[in-house]
Amino acid sequence: MDRCDAPRGRVGTPVRIRRLSWAGTEITTGGQRLLIDALNTAAPLGGFLGLPRWPLVEIEEIPGRTDALVTHIHPDHFDPDTLRRVLSDDGVVHCHQPIVPILRAAGLLTHGVELWCPLAIGDGTEVTAVPAVDWRGDDQVSWVVRAGDRQVFHGGDTIWHGSWWAIAKRFRRFDCAFLPVNGVIAVLPNFAPSGLPATLTPHQAVIAARLLHADTLCPIHYGQFNNPPVYVEQPNVEGELRTAAAREGVHLSLIPDGATFLTLSPRKSKISCRRVLLLRLRTAMASRRHHDGPADHPCPGTARLDGRAASRPHHRHDRVRAGRQADARLPYRAGPSRGDSLIGAGCGQRLWLPLVRVRTPNQPQYTR
Ligand SMILES: [Zn+2]
């Protein structure tokens with residue numbers, strides 16, 4: 001099976017998300033744990049980030065499988081000592097392909113991925129590396145994690161970039177976006193100071209959360225380290241977050257490190273039911289075109305209502321695009337008119353397949 005066609009997260013599994021120290025995040029589902037940028041070793045950070053202002057959250061070894069994701073190799077995001085200690089025997093560290101040799105040299109079982117290529121981990125979790133930009137040009141990615149039927153974004157310590165829109169287009173929405181917010185002004189030897197933030201600022205993180213269609217912004221990467229004059233975080237980070245979130249209409253969740261962000265039950269909202277109904281409708285429409293259309297119809301799923309045959313999209317992005325175009329064409333309605341037929345119901349909603357007129361080369365016009 002091609003990695004780009006890896007199966008999606010299993011629907012119906014509760015998901016527990018816990019914030020660890022700094023950028024660290026823990027996602028547990030179905031008896032397996034996934035750590036992202038887990039940090040439990042402060043010593044290597046002292047010269048630049050300084051000492052932590054409160055102790056780092058202890059990361060324990062637990063029964064069951066533990067895998068890890070790393071956004072980049074800076075020591076506040078890549079803690080090989082901790083990973084060697086807490087990963088299970090079958091646990092793997094997944095990272096962007098270019099940094100694989102560095103992780104392997106640290107003695108970790110490592111697997112490299114390419115951007116945009118989803119990868120199934122264990123049972124019911126899917127991860128995808130997506131673009132990010134590091135302040136000093138090192139290799140860095142963000143991660144999209146689909147666990148159960150939930151979707152989470154983790155932004156490492158990226159600065160502002162132009163891929164938010166592409167990520168939102170691909171993944172549509174997130175239950176939560178973990179984004180760095182300290183907007184730190186950093187000074188390192190051999191790097192002439194720019195005076196510009198080396199991570200997202202609170203304002204930028206709120207905008208990013210809005211662009212990503214995140215239900216909740218959970219700020220990370222702030223507060224615990226501040227080491228003037230070489231590592232200076234933005235003043236009043238939480239105040240700026242609250243102001244920007246109120247202005248942009250973004251839901252903000254300021255949770256202390258070590259706390260469980262939330263435990264998400266399988267999705268049972270009306271929106272979910274509506275999606276199911278739309279899928280049923282799409283299937284019904286495609287089936288109807290397939291049975292009623294010309295015999296040499298190339299692909300019922302991508303047929304056009306005006307009868308011009310569309311080529312079958314083989315690439316995943318094209319399939320998504322074709323699906324969206326199909327959505328835009330669907331003439332479903334929430335209430336029936338004469339001649340409509342009921343195609344699905346749930347959560348008090350009903351969707352009706354209306355009377356449709358379709359043109360094809362062989363059959364100039366017909367009605368269902
Ligand atoms: Zn960092």
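Residues numbered from 1 in each chain as written. Predicted model: local features only at pLDDT ≥ 70, side-chain atom pairs only at ≥ 80, totals over all residues.

1. With respect to the overall build of the protein
Put simply, the test is: To qualify as a helix, a DSSP run of H or I must reach at least 4 residues; to qualify as a strand, a run of E must reach at least 2; elements of each kind are numbered from the N terminus. Counting other C-beta atoms within 10 Å of a residue's own tells you its class, since 20 or more makes it buried, 12 or fewer makes it exposed, and anything in between is partly exposed; those C-beta atoms are placed from the backbone. Whether two residues are in contact is decided by their C-beta atoms, placed from the backbone, lying within 7 Å.
Scanning the protein for helices and strands turns up 7 helices and 19 strands. When each of the 368 residues of the protein is scored for burial, the buried share is 39%. Long-range pairs, those at least 24 residues apart, make up 62% of the contacts in the protein with a sequence separation of at least 6.

2. Re the pairing of strand β1 (residues 15–19)
The condition is simple: Two strands are counted as paired when DSSP detects at least two bridges linking them.
Counting buried residues in β1 gives 4 out of 5 residues, a clear majority hidden from the surface. Bridge count between β1 and strand β2 (residues 25–29): 5 bridges; the pairing is antiparallel. Its bridge partner being in β2, Val15 is matched across the sheet by Thr29. Here β1 folds back onto β2, and the loop between the two strands holds 5 residues, one of which, Trp22, carries a positive phi near 60 degrees.

3. Digging into unusual backbone geometry
Note that the residue after Pro228, namely Pro229, is joined by a cis bond; omega there is 5 degrees. With respect to the secondary-structure elements, Pro229 resides in the loop between β13 (217–220) and β14 (231–232). Positioned with a positive phi, Asn190 is a non-glycine residue whose angle comes to about 70 degrees. With 5 C-beta atoms counted inside 10 Å, the residue Asn190 sits in the exposed group.

4. Quick notes on the nonpolar core
What counts here: Definition of nonpolar core: a set of buried Ala, Val, Leu, Ile, Met, Phe, Trp, Tyr and Cys residues joined via C-beta atoms within 7 Å.
Residues Cys176, Ala177, Leu179, Ala209, Leu212 and Leu217 are the most contacted members of the largest nonpolar core, which totals 71 residues. Ranked by the residues each element gives to this core, the list is headed by strand β9 (residues 141–147), at 5 residues. Apart from residues no more than four positions distant in its own chain, Cys176 is found in contact with Ile17, Val152, Ala214, Asp215, Thr216, Cys218 and Phe261.

5. Quick look at the packing of helix α4 (residues 202–211) against helix α5 (residues 237–248)
The axes of two packed helices give the description: the angle between them and the distance between them. Rule in force here: Only the contacting stretch of a helix is used when fitting its axis, a line to C-alpha atoms as for every element, and angles between N-to-C directions run 0 to 180 degrees. Should the near helix be turned counterclockwise from the far one by less than a right angle, the crossing is left-handed, whereas a clockwise turn marks it as right-handed. Just so you know the grouping, Ala, Val, Leu, Ile, Met, Phe, Trp, Tyr, Cys and Pro go in nonpolar, Asp, Glu, Lys and Arg go in charged, and all remaining residues, Gly too, go in polar.
The N-to-C vectors of α4 and α5 enclose an angle of 35 degrees; their axes lie 8 Å apart at closest approach. Between α4 and α5 the crossing geometry is right-handed. Between α4 and α5, the residues in contact are Pro202, His203, Val206, Ile207 and Arg210 and Val237, Glu240, Leu241, Ala244, Ala245 and Glu248, respectively. Partitioning the contact of α4 with α5 into residue classes produces 7 nonpolar, 1 polar and 3 charged.

6. Observations regarding the pairing of strand β5 (residues 93–96)
The line we're drawing: Throughout, right-handed denotes a crossover for which the path from the first strand over the helix to the second runs clockwise when the strands point away from the viewer.
In this sheet, β5 lies alongside strand β4 (residues 65–69) in parallel orientation, the contact comprising 2 bridges. Bridged to Ala68 within β5 is Val93. Read as a crossover between parallel neighbours, the route from β5 over helix α2 (residues 100–105) to strand β6 (residues 110–113) is right-handed.

7. Looking at the sheet that holds strand β11 (residues 176–180)
Backbone-to-backbone hydrogen bonds join strands into a sheet, with any given pair of strands oriented parallel or antiparallel. An order of β7-β8-β9-β10-β11-β13 is seen for the 6 strands of this open sheet, with the pairing classed as mixed. Each end of this open sheet is capped by a strand with a single partner; those strands are β7 (119–121) and β13. The average angle at which neighbouring strand axes cross in this sheet is 20 degrees, direction not considered.

8. Considering the confidence of the model for the protein
Keep in mind that low pLDDT regions are not for reading the predicted coordinates in detail. As a reminder of what qualifies: A residue's pLDDT is the confidence the predictor assigns to it, expressed on a 0 to 100 scale.
For the protein, per-residue confidence averages 78 on the pLDDT scale, and 68% of positions sit at 70 or higher. Low confidence marks residues 338–368, where pLDDT is under 50. Its contacts with residues over four positions away, or in another chain, come to 65 contacts.

9. Quick word on α4
Buried residues of α4: Pro202, His203, Ala205, Val206, Ala208 and Ala209, and no others. Contacts made by the buried residues of α4 are with α3 (164–171), β11, β13 and α5. Positioned one or two residues after α4, His213 has a phi angle of 55 degrees, which is positive.

10. Notes on the environment of Ala205
Residue position: Ala205 is located in helix α4. Along the chain, Ala205 and Ala177 lie 28 residues apart, while their C-alpha atoms are 9.3 Å from each other. Those residues within four positions of Ala205 in sequence are excluded, and the remaining contacts are Leu179, Pro180, Val181, Leu200, Leu217 and Pro219.

11. A few points about the environment of Leu103
Locating Leu103 in the fold gives a position in helix α2. Apart from residues no more than four positions distant in its own chain, Leu103 is found in contact with Val70, Val93, Cys95, Leu108 and Thr110.

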